[in-house]
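So the chains spell out like this:
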Number of protein chains: 2
Amino acid sequence: MTDLADALAEAVGPLHVRTDDLSGYGTDWTGRWVGHARLAVAPGTAEEIGKILRICVDAHIGIVPQGGNTGLVGGAVPDGDVVLDLRRLDTVEVDPVAGQVRAGAGATVAAVQAAARAAGLRYGVDLASRDSATIGGTVATNAAGLRALRLGDTRAQMIDVEAVLSTGAVISRRTGLTRDNSGYDLPRWVCGSEGTLAVVTAARLRLLPEPADRATALLAFPDLPAAVAAAASLRREPAIEVLELMLAAGIALVCEQQALPAPFPVDHPVLLLVEATAPADAAGILGALVEALPGVADAAVGVDAADSRRLWAYRELHTESVSRVGVPHKLDVALPLPAFASFVTEVQPAVAQGWPEAAVWMWGHVGEGNLHLNVTGVDPDDEDLDDVVLRMVAEAGGSISAEHGIGRAKQRWLPLVRSAEEIAVWRAVKAAFDPTGTLNPGVLLPK
Amino acid sequence: MTDLADALAEAVGPLHVRTDDLSGYGTDWTGRWVGHARLAVAPGTAEEIGKILRICVDAHIGIVPQGGNTGLVGGAVPDGDVVLDLRRLDTVEVDPVAGQVRAGAGATVAAVQAAARAAGLRYGVDLASRDSATIGGTVATNAAGLRALRLGDTRAQMIDVEAVLSTGAVISRRTGLTRDNSGYDLPRWVCGSEGTLAVVTAARLRLLPEPADRATALLAFPDLPAAVAAAASLRREPAIEVLELMLAAGIALVCEQQALPAPFPVDHPVLLLVEATAPADAAGILGALVEALPGVADAAVGVDAADSRRLWAYRELHTESVSRVGVPHKLDVALPLPAFASFVTEVQPAVAQGWPEAAVWMWGHVGEGNLHLNVTGVDPDDEDLDDVVLRMVAEAGGSISAEHGIGRAKQRWLPLVRSAEEIAVWRAVKAAFDPTGTLNPGVLLPK
């Protein structure tokens, strides 16, 4: 044990400091980011985190907060730093009268969803990594996911965040007030700051009424413009909560990798997965909306939960299926809807020109113009490929990171979308919160 | 003309610099805050504001942004500073396909509401000062208002903010993307920072579908606990969009000042104004909810728009009626709902003990625990009264400023609800954005 390990053991108990077998902390989920953890410490309270931060500030050692380690941009990968394993902070307390849940940073999204369901309510954020992704991680990255179109991102669910500043002080509004405009809202600013300003230890989140009925449909389209036009029309319908786009190549990959039958007798270039919720007769409402939609080549409307699961599988298994092909370039962009179809059409030949061996996989939350673009068959470290794609995105007025954040992966391209003056203020703000640069060093801020 | 006026005249044109008749800029709406404007400048573009900021930074002169001047905490009152009159920035552009509006900082809330309505949509923020309050001011204070219970506060409507940094640089995401997690979200942080971090010049805001039907009811209760229990139950109903509490004294004052008939044949201690929206039969839905509610002593359910306006008048005329009695102490607090009734009951005798001549007026957005508390008949500068009330609020776990902000009025009590460590970070953040302290000096940060 080193002096550092001894000091940390005194703060949290020796059982909660780990100095060997650290590889699980050092590598991200995709295998793209491989780092090295000096040691890992697993605190049980916000106060213990305060002690850990003071120790690391004094020792000039970086701290990397980690939850489910499901991030996709290297934002939780250490580089000789101490990993702060937050998974012991996993309490989930539902207040059904207030319609709120208080969840520890280490509670999984699935645990919060289950607790809400048990109270007849639901949590508005859902994503495919729900069984591993934690509340702390989703707050730190402002995760959006599958229902953000209608229910909002993590920020929209936040009543309050409890976080620990680099000084060790805990900030929190404590009382679950939904209305409080008393000065700068630091807890809210922490959302989306990727662990660089403070360590999220808990969040109080709003819960929503569970809709009485829901229905799912898979719609096939002859081309991208028809599918995007349908999405633009459907997203204005309050009953529509999910609008996911998939392409023929991705569907074929999922069917092959997961041994699933093809969704339709013939292949279609573009599919939309659509879900409607309603007080009653969601299938009828969805059916009527689909009926009125031009350009639909084929449609499968689910009539029960088993149907719904079967249709959802095509979408949810995309990420895993692509990872089976190889370590992907993971890009997560957003486009203005009017530019969406042309971008998807033009990015394929642009990649093929430089990397004829590349396979491009695209799917995403088309209701918000959010496109997940993965590329396999190319060296994952070849940043020239990312450069080609992200310049096209910026030129189309899009975002270089729609929901995954910047992490270590996307810093190089921030100047495409943010001015030097603005990034200068970011650096000053980072110094205001974390003058020693202890919190998640090397993440978010461009080098 | 001074050198300063000459420099500003060169930046924006001499017609838009005003050096005399400045009293309208120096005094707030309530008459409580009387300041002094050095001069007023009315820019026409964000770029002109950048020039003005650079001139004032160099001259070491403060800048106070002002819109409709309807703030209630002295947050737009100058103290020898330059007033930045933003009312020329009043463009309103609706994008009905995206369901968004881009509004200049000087556009009134009513103008945005009207433009939305013309496109068959609506803007989610509504407040009694809608005809004067501007988008810039409501973004800078994160105004909430009458429908925040269901539709959220100004922050919840924000797609993007355009703002000018103290360096003169304009920050904005431009393209109206609803999904963008590319680094610190400075435009969003500016919301609620009361003009101290950057000058808001425009906002892109979401618009919502106009509900097909709505209905209003005025409900009478025999006591506070019954009314609060009813509010706690109704706020869980998705159809309920408005939940406003009024007391007998306020109703009597409004009737007297505005020559209105009493709402019920007999006086009731507590009233709730309730509004429901629905795709159809809102009156039927509201009637059924009221029917099932225990403790209702009397009820008036509006059947048409004229009824609705008549019932709303009792609530909307509160602020103006109180101001006719004298310059009020204006307190705007939030309480956890379980503490709401006992606070309202106990604050009256606590004030009477020290100020027997005081009249206490209370009403507010009870669905969110938000209580507007005004006191007349007492010297407006007697801060000991505010101290008594705000200490009671803090002890009950409440907020000293639910929606009006801190301004110049509430700084003294920030330490009741925010730690010294947290406020130290605020100061560092302020310096990061505005190292010369040019932006709205003396506002928000405790002296």
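Scroll up to find the structure this text is about.
Computed from a predicted model, the values in this text were never measured in an experiment. (Residues numbered from 1 in each chain as written. Chains lettered and ligands numbered in written order. Predicted model: local features only at pLDDT ≥ 70, side-chain atom pairs only at ≥ 80, totals over all residues. Heavy atoms only, no water.)

Participant: What is the right way to read the overall build of chain A from this model?
Facilitator: Broken down by element type, chain A carries 16 helices and 18 strands. Against the globule reference of 22 Å for 447 residues, chain A gives a C-alpha radius of gyration of 22 Å, in line with a compact fold. Per-residue burial over chain A gives 62% buried out of 447 residues. For chain A, the share of sequence-separated contacts (at least 6 apart) that also reach a separation of at least 24 residues comes to 73%. A total accessible area of about 15900 Å² is found for chain A, and carbon and sulfur atoms account for 53% of it. Across chain A, the centroid of the 36 positively charged side chains sits 5 Å from that of the 55 negatively charged ones. (Helix = DSSP H or I, 4+ residues; strand = E, 2+ residues; numbered from the N terminus. Rg over C-alpha atoms; globule rule 2.2 N^0.38 Å. Buried < 20%, exposed > 50% of the residue type's maximum accessible area, 1.4 Å probe, protein only. Contact = heavy atoms within 4.5 Å. Areas by Shrake-Rupley, 256 points an atom, 1.4 Å probe, with all protein chains shown as cover. Lys, Arg positive; Asp, Glu negative; His and termini not counted. Charge placed at Lys NZ, Arg CZ, Asp CG, Glu CD.)

Participant: Quick question: what am I supposed to make of the sheet that holds strand 3 (residues 63-66) of chain A here?
Facilitator: Strands in a sheet are paired, the pairing made by backbone hydrogen bonds, and the direction either parallel or antiparallel. Residue and element names in this part refer to chain A. In spatial order, the strands read 1-2-4-3; together these 4 strands make up an open sheet with mixed pairing. Each end of this open sheet is capped by a strand with a single partner; those strands are strand 1 (17-18) and strand 3. Sheet analysis places strand 3 next to strand 4 (residues 79-85), joined by 4 bridges and oriented parallel. When the sheet's bridge partners are listed, Val64 is paired in strand 4 with Val83. (Pairing = 2+ DSSP bridges.)

Participant: Where do I start with the pattern of salt bridges in this structure?
Facilitator: A pair can form between side chains of opposite charge whenever their charged atoms are brought close. Taken as a whole and judged by the stated rule, the model has 46 salt bridges over all chains. Arg122 of chain A is paired through a salt bridge with Glu241 of chain A; the nearest N and O atoms lie 2.7 Å apart. Of this pair, Arg122 of chain A sits in strand 7 (residues 121-122) while Glu241 of chain A sits in strand 13 (residues 240-247); the two residues are 119 residues apart in sequence, bridging distant segments of the chain. Arg122 of chain A sits in the buried class, given a relative accessible area of 10%. Residue Glu162 of chain B is joined to Arg102 of chain B by a salt bridge in which the shortest nitrogen-to-oxygen separation is 3.1 Å. One end of the pair, Glu162 of chain B, is in strand 8 (residues 158-164); the other, Arg102 of chain B, is in strand 6 (residues 100-104), with 60 residues separating them in the sequence. (Salt bridge = Lys/Arg side-chain N within 4 Å of Asp/Glu carboxyl O.)

Participant: Any chance you could explain helix 9 (residues 224-234) of chain B here in plain terms?
Facilitator: Each full turn of the α-helix corresponds to 3.6 residues, which orients residues three or four apart in the same direction. All names here are of chain B. Burial within helix 9 is extensive, with 8 of its 11 residues counted as buried. Among the residues of helix 9, Leu224, Ala226, Ala227, Val228, Ala230, Ala231, Ala232 and Leu234 are the ones counted as buried. On its buried side, helix 9 packs onto helix 6 (148-151), strand 12 (213-221), strand 13 (240-247), strand 14 (270-278), helix 11 (282-291) and helix 14 (337-354). You can read the cap of helix 9 off the contacts: a side-chain oxygen lies 2.9 Å from the backbone nitrogen of Ala226, and it is on Asp223. (Polar contact = N/O pair within 3.5 Å; in protein donor to acceptor, adjacent residues only side chain to side chain.)

Participant: Mind showing me how you'd approach the side chain of Glu403 of chain B here?
Facilitator: You can see Glu403 of chain B is positioned in the loop between helix 15 (383-395) and helix 16 (420-433). Look past the residues within four positions of Glu403 of chain B in its chain and what remains in contact with it is Arg179 and Asn181 of chain A together with Thr141, Ala144, Gly145, Asp332, His365, Asn370 and His372 of chain B.

Participant: Explanation requested: the pairing of strand 12 (residues 213-221) of chain A in the structure shown.
Facilitator: The side chains of a regular strand alternate between both faces of the sheet. All names here are of chain A. Burial analysis of strand 12 places 7 of its 9 residues in the buried class, which makes it a mostly covered element. In this structure, strand 12 lies alongside strand 14 (residues 270-278), joined through 9 bridges in antiparallel fashion. For Thr216, the partnering residue across the bridge sits in strand 14 and is Glu275. Bridge count between strand 12 and strand 15 (residues 298-301): 4 bridges; the pairing is antiparallel. Among the inter-strand pairings, Leu218 is bridged to a residue of strand 15, identified as Ala300.

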